Amino acid sequence: MGTQAAELFTEIDKLRAQLLNNVEVITDCQRVDEEISHREILTHIENIILGIVTSLSKGEAPVLTLPNRSSWANVSFDSAIGLQMSSGASVSVIRSDCPSSVTKFAQILKILSVIYRLVQRNSYATKRDIYYNNTQLFGSQTAVDSIVDDISCMLKVPRRSLHVLATSKGFIAGDLRYIEEDGTRIDCHSSSAAVAVSSNIGGIKNIVSSAKFVLIVEKDATFQRLLDDDFCTKLSPCIIITGKGMPDVNSRLMVRKLWDTLHIPIFALVDADPHGIEIMCIYKYGSVAMSFEAHSLTVPSVMWLGLLPSDLQRLRVPEDALIPLTKRDESKLSSLLKRPYLTSQPDWQKEMELMQQTRVKAEIQSLAAIAPDFLTSIYLPNKLRYGGWI
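Read on for a plain summary of the structure.

Scoring rules and cut-offs
- Residues numbered from 1 in each chain as written.
- Predicted model: local features only at pLDDT ≥ 70, side-chain atom pairs only at ≥ 80, totals over all residues.
- Heavy atoms only, no water.
- Helix = DSSP H or I, 4+ residues; strand = E, 2+ residues; numbered from the N terminus.
- Rg over C-alpha atoms; globule rule 2.2 N^0.38 Å.
- Buried < 20%, exposed > 50% of the residue type's maximum accessible area, 1.4 Å probe, protein only.
- Contact = heavy atoms within 4.5 Å.
- Areas by Shrake-Rupley, 256 points an atom, 1.4 Å probe, with all protein chains shown as cover.
- Lys, Arg positive; Asp, Glu negative; His and termini not counted.
- Charge placed at Lys NZ, Arg CZ, Asp CG, Glu CD.
- Axes fitted to C-alpha atoms, helices over the stretch in contact; angles between N-to-C directions.
- Parallel < 35°, antiparallel > 145°, perpendicular 65-115°, else oblique.
- Left-handed = near helix turned anticlockwise from the far one by under 90°.
- Nonpolar A, V, L, I, M, F, W, Y, C, P; charged D, E, K, R; others polar.
- Salt bridge = Lys/Arg side-chain N within 4 Å of Asp/Glu carboxyl O.
- Expected span 1.5 Å × (residues − 1).

Describing the overall build of the protein
A tally of helices and strands in the protein yields 16 helices and 17 strands. For 390 residues, the compact-globule estimate of 2.2 N^0.38 gives 21 Å, and the protein sits close to it at 23 Å. In terms of principal-axis extent, the alpha carbons of the protein reach across some 75 × 50 × 40 Å. Among the 390 residues that make up the protein, the fraction classed as buried is 53%. In the protein, the proportion of contacts linking residues at least 24 apart, taken out of those at least 6 apart, comes to 77%. For the protein, the exposed area adds up to about 17500 Å²; of that, 51% sits on carbon and sulfur atoms. Positive and negative side-chain charges of the protein, numbering 41 and 43 respectively, have mean locations separated by a distance of 3 Å.

Regarding the packing of helix 4 (residues 102-121) against helix 7 (residues 141-155)
Their axes nearest at 10 Å, the elements helix 4 and helix 7 cross at an angle of 70 degrees. Here helix 7 runs roughly perpendicular to helix 4, going by the angle between their axes. Along this stretch, helix 4 crosses helix 7, giving a crossing that reads as right-handed. Contact residues: Lys104, Gln107, Ile108, Ile111, Leu112 and Ile115 in helix 4; Ala143, Val144, Ile147, Val148, Asp150 and Ile151 in helix 7. Class assignment of the residues belonging to the contact of helix 4 with helix 7 gives a composition of nine nonpolar, one polar and two charged.

Structural notes on the pattern of salt bridges
Here the structure, examined in full by the defined rule, presents 19 salt bridges. When the shortest N-O distance is used, the salt bridge between Glu46 and Arg39 registers 2.9 Å. One salt-bridge network, held together by shared partners, links Arg69, Lys104 and Asp150.

Remarks on helix 11 (residues 274-285)
Think of an α-helix as turning once every 3.6 residues; residues three or four places apart then point the same way. Taking 1.5 Å per residue, 12 residues should reach 16 Å; helix 11 reaches 16 Å between its end C-alpha atoms and fits that length. By the burial criterion, the buried members of helix 11 are Pro274, Gly276, Ile277, Glu278, Ile279, Met280, Cys281, Ile282, Tyr283, Lys284 and Tyr285. In the segment just after helix 11, Gly286 is the residue with positive phi, at about 95 degrees.

This is the structure we're talking about:
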């Protein structure tokens, strides 16, 4: 397989050389000191509490000010970083004397007190632990998740530095070994099953891999198919990872960690539909809601490997495997085409405009209509061999 493997990776090696030419510039732009001291975080929280006490001492109703994490007006686009929150972002004011916001005010204070104790003791808790700490106050896990991100944004501190972890939903497999913060050795190649993405990406150390590339897979079903077909062995060495649809923060942190450590090409395999394209854009450019942490979450070098709308025509995917775009799809596609990062991706624009014209979409599984093993035996090897990414 030596010559075959060398041929397979020729275009990938060329791409890596191009990426490495830019890597010094990019990493210098993105270098941020994430190891914020415990004392700094405690001081941040103490200052917020001091502000509340000062307001009370003056007979005023205390308020908390949170940057608005849902507005496109609050983000700017930098091709080396992705979507990042602007310094003059608009804010939401959470008042303690307003019936519509008093509960959120109390929830923020409660979570700040939990974070303060965690940082003091140098211990960690999951967002789920925090929810069960006072289910009556929080009402739902979603409320806790959102407030933890609000606090991270308000304090301008990465979530890991707050000592709050989230349970991961992603999986990873392939040529990769590392040590977790607690000393557990993880070998992603040793079992036929995938390994769950760590809940503490920042604590991972001693990453060892000979992988030539990382493949982000949108859906768990496709990821499992690649595992079943022994894709990582056939195209070894490589790493495959899935966030099981819309990625959680840990899956995004893991992809970024792999890029920072290995500096190898990262490809995305998503459905040829607006939802798949949006998921790929989140890995590459980030999201509005998490734009305050863009430096540690985005990987602007991600390439679109498939499924491309032009592939549907080129491969003559049977018509009964194609799905008409819904009104919602068309609206999402129009919205994506207006995103600031699309101007720097003319090839992506062409593919999306083709989808608009043909008014059809397709799942990765549609390739099975050509042949059951078409994805793993023909489509992906040829794409990687001949540089079929954009």
